[in-house]
Amino acid sequence: GQQVMQIPQYQHVQEGEDFTTYCNSSTTLSNIQWYKQRPGGHPVFLIQLVKSGEVKKQKRLTFQFGEAKKNSSLHITATQTTDVGTYFCAGPAGAGSYQLTFGKGTKLSVIP
Amino acid sequence: EADIYQTPRYLVIGTGKKITLECSQTMGHDKMYWYQQDPGMELHLIHYSYGVNSTEKGDLSSESTVSRIRTEHFPLTLESARPSHTSQYLCASSELLTGVEEQYFGPGTRLTVT
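Colleague: If you had to explain the overall build of chain A to someone new, which residues and values would you point to?
Modeller: Counting secondary structure elements, chain A contains zero helices and 11 strands. Secondary structure elements in chain A, listed N-terminal to C-terminal, are β-β-β-β-β-β-β-β-β-β-β. Overall, the C-alpha framework of chain A stretches about 45 × 30 × 20 Å when taken along its three principal axes. Each of the 112 residues in chain A was classed as buried or not, and the buried ones make up 49%. Across chain A, the fraction of contacts at a sequence separation of at least 24, relative to all contacts at a separation of at least 6, is 53%. Element-wise, carbon and sulfur atoms account for 52% of the exposed surface of chain A, whose accessible area totals about 5300 Å².

Here you go:
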């Protein structure tokens, strides 16, 4: 079945440093979503990418969808302590499916 | 702020007890989901529903059952709780709007079975 792999599993950065998490799918995705889960909280939707090669920005966050629609990345510029949490990518579980297969997530720690 | 609620937020219960985790949403979403998540780990889909009287099992085998009698309500039941059921259970709902199927998550129920 559909597999979504995410690396790294953990990342510790000094405040102000950049951070990137990568997501790879075993199959071509119709879209990819990103979620953030703060410690002790629940996942919150960040963005959905649909088009091949798409790049979207939200303030210091930059999301990319690969040309082959099998990989994606989330880049945070100049991390802040408010960025702490686990970032998950998720893709449709199958063609035309509304269910999501989540990656294992990247847990970001920011050292002040 | 998403209008999706889960009760209880925390539950400690003994082995063999029957429990029901409640999930309600006021957004009128047709699709609802139950995920199981161990602390700091990935989310595993255990049940989903596309609408009233529709329920399906997810990727992760679970001994729980669900029902969807009303659009807004999607309870999860464990007939006989075991320590292996200790985990966090997250409920979510979604609706396709302008091409985006965003999932809204509830705050979760942290279940401990002793």
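Still more to cover.
Colleague: I'd like to hear about the pattern of salt bridges, residue by residue, with values.
Modeller: Residues and elements named next belong to chain A. Scanning the entire structure with this criterion turns up seven salt bridges over all chains. A salt bridge links D83 to R60, with the nearest nitrogen and oxygen atoms 2.9 Å apart. Of the two residues, D83 sits in the loop between β8 (71-76) and β9 (85-92) while R60 sits in the loop between β6 (55-58) and β7 (61-65), which places them 23 residues apart along the sequence. For R60, a relative accessible area of 22% translates into the label partly exposed.

Colleague: Quick one: what's the story with the sheet that holds β6 of chain A, residue by residue and with numbers?
Modeller: All names here are of chain A. Ordered by their spatial adjacency, five strands build an open sheet running β1-β3-β8-β7-β6, and the pairing between neighbours is antiparallel. Each edge of the sheet is formed by a strand with only one pairing partner; in this case those strands are β1 (4-7) and β6. Adjacent strand axes in the sheet meet at a mean angle of 15°, parallel and antiparallel pairs treated alike. Across four bridges, the pairing between β1 and strand β3 (residues 19-25) is antiparallel. By the bridge assignment, V4 is partnered in β3 with S25.

How each quantity is defined
- Residues numbered from 1 in each chain as written.
- Chains lettered and ligands numbered in written order.
- Predicted model: local features only at pLDDT ≥ 70, side-chain atom pairs only at ≥ 80, totals over all residues.
- Heavy atoms only, no water.
- Helix = DSSP H or I, 4+ residues; strand = E, 2+ residues; numbered from the N terminus.
- Buried < 20%, exposed > 50% of the residue type's maximum accessible area, 1.4 Å probe, protein only.
- Contact = heavy atoms within 4.5 Å.
- Areas by Shrake-Rupley, 256 points an atom, 1.4 Å probe, with all protein chains shown as cover.
- Salt bridge = Lys/Arg side-chain N within 4 Å of Asp/Glu carboxyl O.
- Pairing = 2+ DSSP bridges.
- Axes fitted to C-alpha atoms, helices over the stretch in contact; angles between N-to-C directions.

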